[in-house]
Amino acid sequence: MKIQEIRTLRGPNYWSGYWKKLIVMRLDIGEYEDKPTNKIEGFTDRLREVMPSIVTHGCSYQEEGGFLKRVEEGTWAGHAIEHFALELQTLAGMDVGYGRTRETNEKGIYNVVFAYFEEEVGRFAARSGVRLFLALAEGTSIEEIKKLIADDVQEMREIREDVRFGPSTGSIVEEAESRDIPFIRLNDQSLVQLGYGVHQRRIQATTTSNTNMISVDIAGDKSATKKLLGEMGVPVPKGYRIRDEEDLEVTLERVGFPLVIKPLDGNHGKGATVGINSLEDAKVAFDKAKEYSRWIIVEKQLIGNDFRALVVNNRLIAVAERIPAHVVGDGKSTIQELVDKINEDPRRGYGHENVLTQIDIDGQSERLIKARGYTLETVLEKDEILYLKTTANISTGGTAIDRTDEVHPKNVFLFERIARIVGLDIAGVDIIATNVSEPLDESGGGIIEVNAAPGFRMHLAPSEGIGRNVAEHVVDMLFPPGAPSRIPIISVTGTNGKTTTTRLIAHIIKGSGKTVGFTTTDGTYIQNQQIVSGDNTGPVSAQLVLKDPTVEVAVLETARGGIIRSGLGFDYCDIGVVTNIAADHLGLKDVNTLEDLARVKSVVPRAVSKKGFAVLNAEDEHVYRMKELVDGSVVYFSMDENHPNIERQARRNRVSCVFENGFVTILKGKWKVRVEKVVNIPLTYGGRAEFMIQNVLAATLTCFIHGVSLEDIRVGLTTFNAGTAQTPGRLNFVEIGDATVLMDYAHNPAGLTGLKNFISKLSYKHRSVVLNGTGDRRDDDIREFGKIAADTFDRIVIRQGNYLRGRTPEEMFQLLQEGIAQSENKPQVRIIPESRDAIRHAIKNARKGELIVTLADLVPKDIGYVNEYRDEFLKAQAEK
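Residues numbered from 1 in each chain as written. Predicted model: local features only at pLDDT ≥ 70, side-chain atom pairs only at ≥ 80, totals over all residues. Heavy atoms only, no water.

(A) Highlighting the environment of Leu186. As for its placement among the helices and strands, Leu186 is situated in the loop between β5 (183-185) and β6 (191-194). A relative accessible area of 26% places Leu186 in the partly exposed class. As a C-alpha pair, Leu186 and Asp95 span 91 residues in sequence and 25 Å in three-dimensional space. In contact with Leu186, not counting residues within four places along its chain, are Leu191, Val192, Gln193, Arg202 and Lys547. (Helix = DSSP H or I, 4+ residues; strand = E, 2+ residues; numbered from the N terminus. Buried < 20%, exposed > 50% of the residue type's maximum accessible area, 1.4 Å probe, protein only. Contact = heavy atoms within 4.5 Å.)

This is the structure we're talking about:
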């Protein structure tokens, strides 16, 4: 058994219309293709013993025990591993419920697909599922298998804690998602973008794009904070800032016991020690604080309880009383037994996985136990309280009690005023007082700290009292009612015409006054500036555009490769365009037929929002059938205004775009709105390039339903030229002496057929082509490409190309020549492997009035070679 590949899908995808986060494991089950589970001795019984919770999986029977029934009847390894991966994640605290396993065209090879919460955990679960199956099938002992499961489950829990959002960040992201505000994780920590493009806001844990840097610096300097608050009449404890241990004893005398020692710029209780009553303890606390800061705060400890007030956007949102981790004696149990008993509480978990964190006996705990004259084996008296931490942080095992409803109005005013004084949009105000129901100036309480980036966990899920959805107030601040969070997303897919259609849509919308970000096979652009070069049609490039803070509209070319590899780079789009479906890249990644390819491309219209539009080719049946998958509205384009699908749309009083009587025309029911004559649209070459007219129709319809005015559409159509600046590699003509070079990107039989039809309308006496095949096509597709070239041109120069993808150059040359031999025409054929040499040979040997077509797989290189030769020619002419 061998894992061939593990892919992670992060957005709308080929496998599921609902689950966006999926693992796809391509698995060769080897000998187990002939050994389903009912033929593996003892498999079911061993599975029941080591993983009893698997009984909850209903599988196709949709009832408890359904999957086990399938195992007893006999199912294949891939299917079993799918369920193992799901259950292992559930045991690790991540309950996911979607999975499916499908056999490929290759015997014994399966795609095992299942949902995940955290990507790294999902990938680990795939490998763990395989290990578990092999252990069950190969006779590993029950004890070893149980240990394998326990170890892997713990490993997954630890991975999750390393990679997932903390409770504070997670609560804000979850609240944003509930409001349909998208998010993008910007690093592997807690830096997150909420919203897209120009409407984005950023958070890092609980600091936001509204957080003032000076205010953060003030809060981070506890001495400066205390001085500022004290001067503003806020009650604060007496204290001093020191740097060297030699100053400690004098400072203790000035402050008096009990006291607190903490780092000047610490947070989350790190390095802080409270309840210090001796010089010896003070020295230990000083050394601990020094681990976090050069400067140390020594201050009088206020007597009372520990409270945290959370102020968001200058409003008090929540108050919690914090209690350090502790145990209460029962007169029978040792301290260690009491800790173990507390940690059995289902509310306590590893790290941040549950409401509370398990208590860990660390160095600080041992010092506190020793200070009382105890050891971990000491039995505490009944009701005796032993504190195991000096600070009351939830992350170290502390507990929290919600006190929000008890706060005195004067304290509400005080806490909100403190946040304003420091200047924080989100402030955690730490208070020591007997209670918060009395004004602090009456109870003798005081403010000990103000924290930037305060944790939310104690408020979200206190161990006692009401949980407070504090995240909603943060999102309210970042996105007030009515504030947009999204930008329009237009996704363009199909086999041919995607890039030109994308560029034309972007050009028209840019002309209407919007800042447009768009992705193509040539690169990623903001307005007309190329940001990244190369094939940028996948989810990473899409997110680059969505992350740009200047972009108002995103137009994204969306190719099959990115959809299969990772899914879409966005959760949904406003307009999804499908140009056509034709044979291309078949036989790759288990996409073997046009129907398979159509299912991949249909991910785009399926991702259209309920208020959005799918723009579909009415003449392409594979595309037209996608209408059944669309939640939003559907509009169509066609070269034939009398096409039955267009007439049906008109009878329903809906919108289409057609080519009729020489015009690009919008149909609104039975009414015609003529946009522009095709002869006036440079991209169509006077209407001779029919495939370009189709691209124009798709782009015009898209811009119309997007709300672009007819005047702006007309201007865009008539100012978009088929040159190397606006449409590189798409019908680019260059005159060199008596010959004309036409550079194009036709790279499959359908594309070359469209180019052939266009060329047939041009009056060139001689025609030659420089071409190459692309390695990830089927043999027959490469042969057909060669045959169409031979039907069209009288000279053919074959070059190696840049994308052999596993084939040898000789194999490509042979397949193209076999296709050329199938043509009734017998063109001259020459093989010149290097692209530069091939292009220069074709131009140098051009006949008078010849059209030389270069079919590029790397467009910028071909443009460079042609321009290089043209410049040399012009220089030579000038020197004559």
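(B) Here's a closer look at the packing of aromatic side chains. Per the stated rule, a full pass over the model turns up 12 aromatic pairs. Judged by centre distance (5.6 Å) and plane angle (90°), the rings of Tyr18 and Trp19 are edge-to-face. The exposure class assigned to Tyr18 is exposed, which follows from its relative accessible area of 65%. Relative to Phe758, the ring of Phe733 has its centre 6.3 Å away and its plane inclined at 65°; by these criteria the two rings are edge-to-face. Within this pair, whereas Phe733 is found in strand β33 (residues 732-736), its partner Phe758 is found in helix α26 (residues 749-759), the two being separated by 25 residues in sequence. Residue classification places Phe758 among the buried positions, given a relative accessible area of 1%. Each member of the aromatic cluster is reached from another via a ring pair, and the members are Tyr685, Phe691, Phe733 and Phe758. Stacked on the ring of Tyr61, the Lys or Arg Lys69 has its end atom at 4.7 Å from the ring centre. (Phe/Tyr/Trp six-rings, centres within 6.5 Å; stacked < 30°, edge-to-face > 60°. Lys NZ or Arg CZ within 6 Å of the ring centre and 35° of its normal.)

(C) The sheet that holds strand β24 (residues 523-526), seen in detail. Strand order across the open sheet formed by 11 strands is β25-β24-β23-β26-β22-β27-β28-β29-β30-β31-β32, with mixed pairing between neighbours. What marks the edges here is a single partner per strand, and that holds for β25 (529-533) and β32 (671-677). Ignoring which end each strand starts from, the neighbouring axes of this sheet average 15° apart. Of the pairings in the sheet, the one linking strand β23 (residues 516-519) to strand β26 (residues 553-557) comprises 4 bridges and is parallel in character. Bridge pairing in β26 links Val516 to Val553. (Pairing = 2+ DSSP bridges. Axes fitted to C-alpha atoms, helices over the stretch in contact; angles between N-to-C directions.)

(D) Up close: a nonpolar patch on the surface. A cluster of nonpolar side chains, namely Val328, Ile385 and Tyr387, defines an oily patch on the protein surface of about 250 Å² accessible area. Looking at the element boundaries, Val328 is found in strand β15 (residues 326-328). (Patch = residues over 30% accessible without salt bridge, like charges linked within 9 Å, V, L, I, M, F, W, Y side chains within 5 Å. Areas by Shrake-Rupley, 256 points an atom, 1.4 Å probe, with all protein chains shown as cover. Salt bridge = Lys/Arg side-chain N within 4 Å of Asp/Glu carboxyl O.)

(E) Spatial organisation of helix α6 (residues 167-178). Over its 12 residues, α6 runs 16 Å from end to end, which matches the ideal 16 Å to within 8%, given 1.5 Å per residue. Among the structural elements, β5, β6, β7 (201-204), α15 (457-460) and α16 (471-478) are those in contact with the buried residues of α6. Count one or two residues on from α6 and you reach Asp180, which has phi positive near 65°. (Expected span 1.5 Å × (residues − 1).)

(F) Molecular detail of unusual backbone geometry. The amide bond that connects Phe257 to the next residue, Pro258, takes the cis arrangement and shows omega of -10°. With respect to the secondary-structure elements, Pro258 resides in the loop between α9 (248-255) and β10 (259-263). One non-glycine residue with positive phi stands out, namely Asp180, at about 65°. Here Asp180 is to be found in the loop between α6 and β5. Residue Asp180 is classed as partly exposed on the basis of its relative accessible area of 36%.

(G) Region of interest: a negative patch on the surface. Where like charges cluster on the molecular surface, the negative patch consists of Asp45, Glu49, Glu143 and Glu144. Within the residue set of the negative patch, elements represented by two or more residues are α1 (43-50) and α5 (142-163). As for its placement among the helices and strands, Glu143 is situated in helix α5. (Lys, Arg positive; Asp, Glu negative; His and termini not counted. Charge placed at Lys NZ, Arg CZ, Asp CG, Glu CD.)

(H) Molecular detail of the environment of Arg123. Positionally, Arg123 belongs in helix α4 (residues 119-137). Relative accessible area serves as the criterion here: at 23%, Arg123 is assigned to the partly exposed category. Taking C-alpha positions, Arg123 is 7.1 Å from Ile6, a pair spaced 117 residues apart along the chain. Sequence-distant contacts of Arg123, that is, excluding residues within four places in its chain, are made with Ile6, Arg7, Thr8 and Ile23.

(I) Inspection of the sheet that holds β7 at higher detail. The strand order across the open sheet built from 4 strands is β5-β6-β7-β8, with neighbouring strands paired in antiparallel fashion. Each having just a single partner strand, β5 and β8 (207-208) make up the two edges of the open sheet. Of the strand pairs in this sheet, β7 and β8 are connected by 2 bridges, and their pairing is antiparallel. Paired with Ile203 across the two strands is Thr208, which belongs to β8. Contacting β5, β6 and β7, α6 runs over the sheet at an angle of about 15° to β6.

(J) Main features of the pairing of β24. Burial of β24 is two-sided: the residues Gly523 and Tyr525 facing one way and the residues Thr524 and Ile526 facing the other way are all buried. Sheet analysis places β23 next to β24, joined by 3 bridges and oriented antiparallel. Looking at the pairing, Gly517 lines up with Ile526 of β24. Two successive antiparallel strands, β23 and β24, enclose a turn made up of 3 residues. Pairing geometry for β24 and β25, over 4 bridges, is antiparallel. Residue pairing in the sheet places Thr524 in a bridge with Val532 of β25.

(K) Examining helix α30 (residues 859-879) more closely. Counted at 1.5 Å a residue, the expected span for α30 with its 21 residues is 30 Å, and the 31 Å between its end C-alpha atoms agrees. What α30 keeps buried is the set Val859, Asp862, Ile863, Tyr865, Val866 and Tyr869. Each buried residue of α30 lies within a common arc of 165° when the element is viewed along its axis, so the set occupies one face. Counted as exposed and oriented over 90 degrees from the buried face of α30: Pro860, Lys875, Ala878 and Glu879. In this structure, the buried side of α30 is in contact with β33, β34 (739-744), α29 (835-844) and β38 (850-855). (Arc of directions from axis to C-beta.)

(L) Focus on the packing of helix α3 (residues 77-91) against α5. Two elements in contact, α3 and α5, have axes whose closest approach is 8 Å; the angle formed by their N-to-C orientations is 65°. Here α5 runs roughly perpendicular to α3, going by the angle between their axes. Regarding α3 and α5, the two cross each other, and that crossing is right-handed. Residue-level inspection shows Leu88, Gln89 and Leu91 of α3 in contact with α5, the latter providing Ile149, Val153 and Met156. (Parallel < 35°, antiparallel > 145°, perpendicular 65-115°, else oblique. Left-handed = near helix turned anticlockwise from the far one by under 90°.)

(M) Summary view of the pattern of salt bridges. Summed over the entire model, instances satisfying the criterion amount to 53 salt bridges. Lys262 is the partner of Glu299 in a salt bridge, and the nearest nitrogen-oxygen pair spans 3.1 Å. You can see Glu299 sitting in strand β12 (residues 296-300) and its partner Lys262 sitting in strand β10, a full 37 residues away along the chain. Taken as a pair, Glu299 and Lys262 share a single burial class, namely buried. Note that Arg807 and Asp779 form a salt bridge whose closest N and O atoms lie 2.9 Å from each other. Note that Arg807 is positioned in the loop between β36 (795-798) and α28 (809-821) and Asp779 in helix α27 (residues 779-792), a separation of 28 residues in sequence. With a relative accessible area of 15%, Arg807 lands in the buried category.

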